[in-house]
Amino acid sequence: MPIKSATRLLRDSHDYEDGFVYSVDTAEELKDQTEHEQIKTDEKWLLTLWAATISIEAIYSLISKHFESMLPLFLAKENDNSEDSLLSSVISVICDFVVVASSSKSSISKLIQAVESVFQYEQEEEKALNEVKGMKSSFGQGNYSDVFVREESFAVKRIRPFVVSNAKSMSEYDLGGTVWIAMNCIFLSCRYFQTCNLNEEAKLQLIGGGFGPSLVVIQHLLRRCPVSEVVCRSSLSAYLCLSRTLLSIERDGDSKREVILATLCKLIVPLWFDDHSRKLLMSNIMAMTLLFEVLYYNANDISADWVIVLKCLSKLSELTHSGSNPEKNIEFNLSRIGRLSAFLNDMTLKHLVSAFIHLSLSDDRRSSSAHSNSFGRTIYENAVGKLQTTRFVTKPDEVQNISFPLVALFLISVENYGRFECFGESVIRHYSSQASKNKSSVVRNFAFDVVSHSIVSVLTLDAESKEMHQKLLMEPFCGTIQTTNYIDAAEIGLNKLKQILEDGHDLSAAWPLIMSTLTTVANSSHGVDDWGLCCSTAFACLKLMVDDFLNDPPEQEFTRVELLNCCGAFCSSRFDINTSLTAIGMLWSIADQDSSSSSVDYVLSKLAHLAADDRVEVSAQLVCIKCHVHQYIHLHIYS
C-alpha cells in the first residue's frame, strides 16, 4: 500500500522525530522557513511520497462525497483473518502516516503553512454543517439549554484536496498539505461515524480498530501544535463526533468510554499543573470548552466513569485563568455542574454522587496554591451563597480551603432535594462521617453545615414530613454526635440539632433516635470542663422535646420510654446541678401528663434510684417531689 511505504520511508529518515512543538515561543522560528519549501530528495523518494498523496486524496474524496453509498464496502472485512472493517484498517494506516509525517520541526512547519495559507473549506449547506450539532442530547426532555455557555463552534467541515492540483512539477511536493488532507480523512470519518444511517452494532464494527489510532492522532496534533487554532479546533471537532458516537452506545465493562474520557481530560490538565505562574495554551482552553460540550450532550451516557471527569474538573478548579472571555465562560460552566445534575436521570445521578464521594475521601482539602482568580472561584462563591440561607458556622473565606468534590457535591444535593430519596442517604452519611472524623475543623464545620442545610431543606420541601425522610436524615446526623472524638464537633452538632428543633420541623418519627443521642451525651464520661457546654446544649434540646410532648404526647410507648430514659440520664448527670434539678421536675411533669402505669412505674423507680444521690440539692428536690407522689397515689389508687 503506497501510504504504508511512505510512512516507512519517513520513519527511516534521520530527522523524522526531533520533539519539536509549535508553541508561542517556537512559532517565530517557523517564519524563517522558506515558503513552499521543496523536498530535496531522489526520484524514488518522490515517487513513493506522491503515490501516498494520490491515495490519500482519493480516499478523502470517497469519504467526503460517497460515504453512504460506500458503506457496504467500508463495512467489509479486509480479509478472512481480520475482525476490523476495511475503513477502520485504512484509517489506522492513515493515522500512522499522520503521526510519522508531523513529528519534526521541518514537517510541522510545512503542516502549519498548509493549514494557515493554502487549504480551503468546501461550501456546504447550513443543514449539513449543523447535522452533527443538531443530534439529540442524552438529557431527553427538559429545558437544559441554559445549563452552559456554549460559544465555541466544533464541527468537522469538508476541505478541497489541493496537493495534486496545485503542483506544477513532481519536485514541488507538499508534505504539509498531504498530512493535512490525511488528517481530514480521519476527522471526516469521525463525523460520518456519528451521522451515518447504521445501527449501533454496525457503527461499532465500522469504527473497529481505527478507534485507538484516531485518538492517538488527535492527542499528537494537540500536543505538537497547541497554538494553531485550526489544528486544535479541527482535531477537537473530530473528537466530539467520535465521543458522541461511542458514549451513546458504549456498554459498561467496555474500555472505549473510559479511554475517550481519559484522553480528553489529559488534554485539559497541562503537565505543568502545579506551576500556577504559567499560562494555559489554546489547546488546553479549547479542550476545556469541549468537555462541557461532551457533558451537555452525553452526561447521561458517562455512567460509572464519572470519576475520570470529576478528577479533571477538580484540578481545573485550582488552575488560574487570565480573564479572557473563553476562560470566564469555562469558570461559569464549571460552576454549573450542580445545575447540570438536575437534568440527569436517577441512575446517572447516583453514579455522579458516588464518584464525588469517592474523590472526596482522598481529597478533602484544596491546594494552598489555588489562586483567587481560579476557574473554581464562582462555584465556591455559589456554595457560600447557599449556606447563607441557613445559620452556618463555616467562615466564608474558609470554604475556599475545602476540596472541590466536597463543595460541588453540596451544590448537586441542593439542586436535587426534590428527589433526595434517590441519592440522599449516601450524601448524608458521607458528610456526617466527615463531620465526625475529619481531622480538619474547617471540613468538620462545613460538613455539619451541609447536613443541617439538607435536613431543613428536605423537611421543608416534604410538607408531610414522611417517616422515611426523617429517619434517613437524622440517623447519620445523630450518630455523628454520639461517636465523634472531637468535642467541638459534638458541640456544633448539638447546636445544629437545637436549631432544627426550634424551627418546629416535624421529627416525631425520629424522636427515639434524637433522645437516644441526648441520653448518650448525658451519660458521657468526659470531664465537666470539657463536656459541660455540650451537656447544657443537649439538655436545651430535651426541654424543647418535652414541651412538644406535653402539648401532643406520642402514641408509641417506645417513644415515651425513650423520653423518660433521657430525662433520667440528665437527672443523674454530674455536669451541672441545675440541669439535674430541672430534669427531676421534668420527669414528674411527664408522669403527670402521661398517667399510664408503665410511665408512672418508671418514674417512681428512677426517683427511688435518685434517693441514693449524695448531692444535697437533689435530696431537697426529692422531698418536694414526694408530696406530688402521695397526691398521685391517693388520686389514682384509693379513689
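Preceding block: the structure.
Cut-off values and rules
Residues numbered from 1 in each chain as written. Predicted model: local features only at pLDDT ≥ 70, side-chain atom pairs only at ≥ 80, totals over all residues. Heavy atoms only, no water. Helix = DSSP H or I, 4+ residues; strand = E, 2+ residues; numbered from the N terminus. Buried < 20%, exposed > 50% of the residue type's maximum accessible area, 1.4 Å probe, protein only. Contact = heavy atoms within 4.5 Å. Arc of directions from axis to C-beta. Polar contact = N/O pair within 3.5 Å; in protein donor to acceptor, adjacent residues only side chain to side chain. Axes fitted to C-alpha atoms, helices over the stretch in contact; angles between N-to-C directions. Parallel < 35°, antiparallel > 145°, perpendicular 65-115°, else oblique. Left-handed = near helix turned anticlockwise from the far one by under 90°. Nonpolar A, V, L, I, M, F, W, Y, C, P; charged D, E, K, R; others polar. Phe/Tyr/Trp six-rings, centres within 6.5 Å; stacked < 30°, edge-to-face > 60°. Salt bridge = Lys/Arg side-chain N within 4 Å of Asp/Glu carboxyl O. Expected span 1.5 Å × (residues − 1). Disulfide = S-S within 2.5 Å.

Peer 1: Would you explain the overall build of the protein in this entry?
Peer 2: Looking only at helices and strands, the protein features 31 helices and zero strands. Residues counted as buried form 55% of the 639 residues belonging to the protein. Of all intrachain contacts in the protein linking residues separated by at least 6 positions in sequence, the fraction that spans at least 24 positions is 80%.

Peer 1: Any chance you could explain the environment of E502 here in plain terms?
Peer 2: Secondary-structure assignment places E502 in helix α25 (residues 487–502). As for E502 and L544, which are separated by 42 residues in sequence, their C-alpha atoms are 7.4 Å apart. Contacts of E502, omitting those with residues within four sequence positions, involve R391 and L544.

Peer 1: Can you help me understand helix α10 (residues 200–207) in this one?
Peer 2: Owing to its 3.6 residues per turn, the α-helix brings residues three or four apart onto one side. For α10, the full list of buried residues reads A202, K203, L206 and I207. Down the axis, α10 shows its buried residues gathered within 135 degrees of arc, on one side only. On its buried face, α10 sits against α4 (71–75), α5 (86–100), α9 (175–195), α11 (211–224) and α12 (229–247). For α10, the N-terminal cap is N199; the gap from its side-chain oxygen to the backbone nitrogen of E201 is 3.3 Å.

Peer 1: Would you take a moment to explain the packing of α12 against helix α13 (residues 256–268) for this structure?
Peer 2: Packed helices, taken two at a time, are described by the angle between their axes plus the distance between the axes. Closest axis-to-axis distance for the α12/α13 pair is 10 Å, and the angle between their directions is 155 degrees. In this view, α12 runs roughly antiparallel relative to α13, as classed from their interaxial angle. Viewed along their axes, α12 and α13 form a crossing whose handedness is left-handed. Of α13, the residues touching α12 (which contributes L236, Y239, L242, S243, L246 and L247) are K256, R257, I260, L261 and L264. The class makeup of the residues in the contact of α12 with α13 is eight nonpolar, one polar and two charged.

Peer 1: How should I be thinking about the side chain of S214 in this particular structure?
Peer 2: On the secondary structure map, S214 appears in helix α11. Apart from the residues within four sequence positions on either side, S214 is in contact with I91, C95, I186 and L242.

Peer 1: Any chance you could explain the packing of α12 against helix α14 (residues 282–298) here in plain terms?
Peer 2: It is at 10 Å that the axes of α12 and α14 come closest, and there the two elements cross at 25 degrees. If you check the angle between α12 and α14, you find them roughly parallel. The hand of the α12/α14 crossing is right-handed. Contact with α12, carried on its side by E229, C232, R233, L236, Y239, L240, S243, R244 and L247, involves M282, S283, M286, A287, L290, E293, V294, Y297 and N298 of α14 and no other residues of that element.

Peer 1: What's the story with the packing of aromatic side chains in this structure? I'm lost.
Peer 2: Aromatic ring pairs are reported here in terms of the distance separating the ring centres and the angle at which the planes meet. Here the structure, examined in full by the defined rule, presents 12 aromatic pairs. For the ring pair F539 and F570, a centre distance of 5.2 Å and an interplane angle of 50 degrees mean the geometry is tilted. Of this pair, F539 sits in helix α27 (residues 528–551) while F570 sits in helix α28 (residues 557–572), placing them 31 residues apart in sequence. Here F539 matches F570 in class, with each residue buried.

Peer 1: Explain the environment of T53 here, please?
Peer 2: Among the structural elements, T53 can be located in helix α3 (residues 43–66). Taking the C-alpha atoms as reference points, T53 and T178, separated by 125 residues in sequence, lie 5.7 Å from one another. Apart from the residues lying within four places of it in its own chain, the contact partners of T53 are V163, V164, Y173 and T178. Among the polar contacts listed, one links the side chain of T53 to the side chain of Y173, at a separation of 2.8 Å.

Peer 1: Just checking my understanding: could you explain the pattern of salt bridges for this structure?
Peer 2: Side chains that differ in charge, positive against negative, can pair when their charged atoms come close. What the rule picks out here adds up to 14 salt bridges. The closest approach of N and O atoms between E331 and R377, which form a salt bridge, is 3.0 Å. Remark: R377 occurs in helix α19 (residues 377–387) and E331 occurs in helix α16 (residues 325–335); sequence separation between them is 46 residues. A relative accessible area of 3% places E331 in the buried class. A residue is classified by how much of its surface remains accessible, and R377, at 30% relative accessible area, is partly exposed. Residue D449 is joined to K496 by a salt bridge in which the shortest nitrogen-to-oxygen separation is 2.6 Å. Pair noted here: D449 is in helix α23 (residues 441–461) and K496 is in helix α25, with a separation of 47 residues, a long-range link. D449 sits in the buried class, given a relative accessible area of 1%. Overlapping salt bridges, with partners in common, bring together R391, K498, E502 and D503 in one network.

Peer 1: I would appreciate a short explanation of the side chain of Q470 in the present structure.
Peer 2: Secondary-structure assignment places Q470 in helix α24 (residues 467–483). Within polar-contact distance, the side chain of Q470 engages the backbone nitrogen of A509 at 2.9 Å.

Peer 1: Looking at this structure, how should I read the environment of N401?
Peer 2: Of note, N401 is situated in the loop between α20 (396–399) and α21 (404–415). The partly exposed category is assigned to N401, whose relative accessible area is 35%. Residues N401 and V443, spaced 42 residues apart in sequence, show a C-alpha to C-alpha distance of 8.6 Å.

Peer 1: Hey, could you run me through unusual backbone geometry in this one?
Peer 2: For residues that are not glycine, phi is negative in most cases, and the peptide bond is trans in most cases. Backbone geometry places S303, a non-glycine residue, at a positive phi of 55 degrees. Position of S303 among the secondary structure elements: in the loop between α14 and α15 (306–316).

Peer 1: Honestly, α12 in this entry has me stumped. Any pointers?
Peer 2: With 19 residues, α12 should cover 27 Å at 1.5 Å per step; its first-to-last C-alpha distance of 26 Å lies within 8% of that length. Most of α12 sits out of view: 17 of its 19 residues are buried.

Peer 1: How do you make sense of the state of the cysteines when you look at a structure like this?
Peer 2: By definition, a disulfide links two cysteine residues through a covalent bond between their sulfur atoms. Taken as a whole and judged by the stated rule, the model has zero disulfides. Here C185 stays unpaired: no disulfide links it, and the sulfur of C95, its closest cysteine neighbor, is 9.8 Å away. Classification of C185 by relative accessible area gives buried; the value is 0%. No disulfide involves C534; its sulfur sits 8.6 Å from that of C535, the nearest cysteine.

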